[in-house]
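Listed here are the chains, written in short residue letters.
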Amino acid sequence: MDKKILKLIAENWIAAFGEHDIEKLLSLYHPHAKHYSPRIEIERPQTKGWLKGKDQLKSWWQNSFSTLPDLNYSLRNLTVEDDRVFITYIRKVSGQHTQEVMEYLLIKNGLIIESRVLRSWII
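The notes below deal with the structure included here.

The rules behind the values
- Residues numbered from 1 in each chain as written.
- Predicted model: local features only at pLDDT ≥ 70, side-chain atom pairs only at ≥ 80, totals over all residues.
- Heavy atoms only, no water.
- Pairing = 2+ DSSP bridges.
- Helix = DSSP H or I, 4+ residues; strand = E, 2+ residues; numbered from the N terminus.
- Axes fitted to C-alpha atoms, helices over the stretch in contact; angles between N-to-C directions.
- Contact = heavy atoms within 4.5 Å.
- Phe/Tyr/Trp six-rings, centres within 6.5 Å; stacked < 30°, edge-to-face > 60°.
- Buried < 20%, exposed > 50% of the residue type's maximum accessible area, 1.4 Å probe, protein only.
- Lys NZ or Arg CZ within 6 Å of the ring centre and 35° of its normal.

## A short note on the sheet that holds strand E5 (residues 99–108)
Point 1. The mixed open sheet is built from six strands, whose spatial order is E2-E1-E6-E5-E4-E3. Unpaired on one side and paired on the other, strand E2 (50–52) and strand E3 (72–81) mark the two borders of the sheet. Strand-to-strand twist in this sheet, taken as the mean axis angle between neighbours without regard to direction, amounts to 20°.
Point 2. Direction of pairing for strand E4 (residues 84–92) relative to E5: antiparallel, over a ladder of eight bridges. Among the inter-strand pairings, Ile-87 is bridged to a residue of E5, identified as Glu-103.
Point 3. Helix-sheet contacts for helix H1 (residues 3–19) involve strand E1 (29–36), E3, E4, E5 and strand E6 (111–122), and the interaxial angle to E3 is about 165°.
Point 4. Relative to E1, helix H4 (residues 54–67) is tilted by about 55°, and along the sheet it contacts E1 and E2.

## Some points on the packing of aromatic side chains
Point 1. One pass over the structure, following the stated rule, counts 10 aromatic pairs.
Point 2. The interplanar angle of 85° and the centroid separation of 5.7 Å between the aromatic rings of Phe-17 and Trp-61 together place this pair among those described as edge-to-face. Highlighted residues: Phe-17 in helix H1 and Trp-61 in helix H4, separated in sequence by 44 residues. By the burial criterion, Phe-17 is buried, and Trp-61 matches it.
Point 3. By the ring-pair criterion, three or more aromatic residues cluster together here, those being Trp-13, Phe-17, Tyr-29, Trp-61, Phe-65, Tyr-73 and Tyr-89.
Point 4. In this structure, Lys-34 is placed above the aromatic ring of Trp-50, and the distance from its NZ or CZ to the ring centre is 4.9 Å.

As structure tokens, then:
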């Protein structure tokens, strides 16, 4: 897939988070996509950190945006490699430490089929 298209998908992903636009986020994902985050593993241990399918993604993001109304991601770096986009962004929420987060998006046929938080640290 063209690197420009992959980059655009990742930029739209960051923008959708900034807008708290769940439908825009979901439109970037394959219906059977999966997402991993250590935060999910802590808050929903029965999932082992994985959300599977758009219904689970939607539920997670609805909860996140309603409980963290000022959740904000700002893009720091974006690297395209084959069918993956590696993103580093700053996560800010009032009352929480600011974090730098590294995440990757695996993209096939123009849709995210897997996303995974690789690492986060307080800055």
